[in-house]
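# Working through the structure, step by step
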Amino acid sequence: MNFKKVVVAGGGVLGSQIAFQTAFRGFDVTVWLRSDASIERAKPKFERLRDIYLQTLEASKTNPAAWARGFAAERPDDTGIDALKEQVTKAYEGLRLTTSYAEAAEDADLVIESIAEDPAQKTAFYQELAKHLPEKTVIATNSSTMLPSSFAEATGRPAKYLALHFANEIWRNNTGEVMGHAGTEQEYYDMVVEFAEAIGMVPLQLHKEQPGYILNSMLVPFLNASQALWANDVADPETIDKTWQLGTGAPAGPFRILDIVGLTTAYNIAIMDPRAKDPSTIQGKIAAKLKEKIDAGETGVNAGKGFYDYRK
């Protein structure tokens, strides 16, 4: 694996995390964003990630439990932690943000697509990107639910296209699910596995295509069941979360998880179900209630408010 220049397309919850973690681990990172307004929305996310990394590293000096696995396999001494803090600052200062396909694609070794969960947007992005990429570039999608085979031809390089999926808070929950499609060549699959390990992830290799990979195949039904309780007015989000936490010992409930994922992503996944078009169905009710919160600007942790208020 000779990847050096990595492009991350999208500056949302996961796109920003992928870009920052990749830069932190020493790669040359460019972030492609759709518009100047998108760039301005992304900047506070990178500032927040810088601060989280710095604070977490400093806290780990006196509290080993604060250590995040994505920083390094083992916690170093204080001098080593200070060196990692310098890496954080260097990563933040080195990130490049652009709206130009040509600028982003120039000499790119790997593109990680992390734009909206909208098939039309992804297809249009790949078709335009293909006009600018050098022949060597490998493309990976971070799509939460869509199969790489759905977009392989649109990329113009199906043999070099596959999925690399991350969990939220990737510096701490450091998984990298690697999933090819029938046309992915093993050489490029192996490169992406090696890359995932190089940025501090634990590569989790799937043997075949699966909507939702491993993690979301388990997580999405859980979140859907929780949202159904809320949409049917069975209980409020706080009570549902409390029930899950007390009953299982989990550190966070489903609505806290949804805030981390981002309600826009949750909504985009919800409306992919054809039943969501009917407001009388539970799927339609979930979509409508998520849309109300999005319209109110309550999209999750990055917005300062979702199901919970993070501005306090």
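Reference entry: report on the structure contained in this document. (Residues numbered from 1 in each chain as written. Predicted model: local features only at pLDDT ≥ 70, side-chain atom pairs only at ≥ 80, totals over all residues. Heavy atoms only, no water.)

Strand order across the open sheet formed by eight strands is 3-2-1-4-5-6-7-8, with mixed pairing between neighbours. Every interior strand has two partners, whereas the edge strands, strand 3 (96–98) and strand 8 (202–205), have only one. Taking the axes of each pair of neighbouring strands and ignoring which way they run, one obtains an average angle of 25° across the sheet. Bridge count between strand 6 (residues 161–166) and strand 7 (residues 175–179): four bridges; the pairing is antiparallel. Residue pairing in the sheet places histidine 165 in a bridge with glutamate 177 of strand 7. Strands strand 2 (28–32) and strand 3 of the sheet are contacted by helix 2 (residues 36–62), whose axis makes an angle of about 160° with strand 3. (Pairing = 2+ DSSP bridges. Helix = DSSP H or I, 4+ residues; strand = E, 2+ residues; numbered from the N terminus. Axes fitted to C-alpha atoms, helices over the stretch in contact; angles between N-to-C directions. Contact = heavy atoms within 4.5 Å.)

This part takes up the pairing of strand 1 (residues 5–9). Judged by how many residues are buried, strand 1 sits mostly within the fold: five of five residues are covered. With burial as the criterion, each face of strand 1 is covered, one bearing Lys5, Val7 and Ala9 and the other bearing Val6 and Val8. Bridging between strand 1 and strand 2 involves five bridges; their strand directions are parallel. If you follow valine 7 over to strand 2, its bridge partner there is threonine 30. Handedness of the crossover joining strand 1 and strand 2 through helix 1 (residues 13–24) is recorded here as right-handed. (Buried < 20%, exposed > 50% of the residue type's maximum accessible area, 1.4 Å probe, protein only. Right-handed = clockwise from strand over helix to strand, strands pointing away.)

It is at 9 Å that the axes of helix 8 (residues 215–231) and helix 9 (residues 237–248) come closest, and there the two elements cross at 135°. Between helix 8 and helix 9, the angle is such that the two are oblique. Crossing angle aside, the handedness with which helix 8 passes helix 9 is right-handed. Facing helix 8, whose interface residues are Phe222, Ser226, Leu229 and Trp230, helix 9 presents Pro237, Ile240 and Trp244. Tallied by class, the residues present in the contact of helix 8 with helix 9 amount to six nonpolar, one polar and no charged. (Parallel < 35°, antiparallel > 145°, perpendicular 65-115°, else oblique. Left-handed = near helix turned anticlockwise from the far one by under 90°. Nonpolar A, V, L, I, M, F, W, Y, C, P; charged D, E, K, R; others polar.)

As a further point, take the side chain of lysine 160. Relative to the assigned elements, lysine 160 resides in the loop between helix 6 (152–155) and strand 6. A relative accessible area of 9% places lysine 160 in the buried class. A polar contact of 2.5 Å, which involves the side chain of lysine 160, links it to the side chain of glutamate 135. Lysine 160 has contacts with Glu135, Lys136, Thr137, Val138, Ile139 and Tyr188, leaving out every residue within four places of it along the chain. (Polar contact = N/O pair within 3.5 Å; in protein donor to acceptor, adjacent residues only side chain to side chain.)

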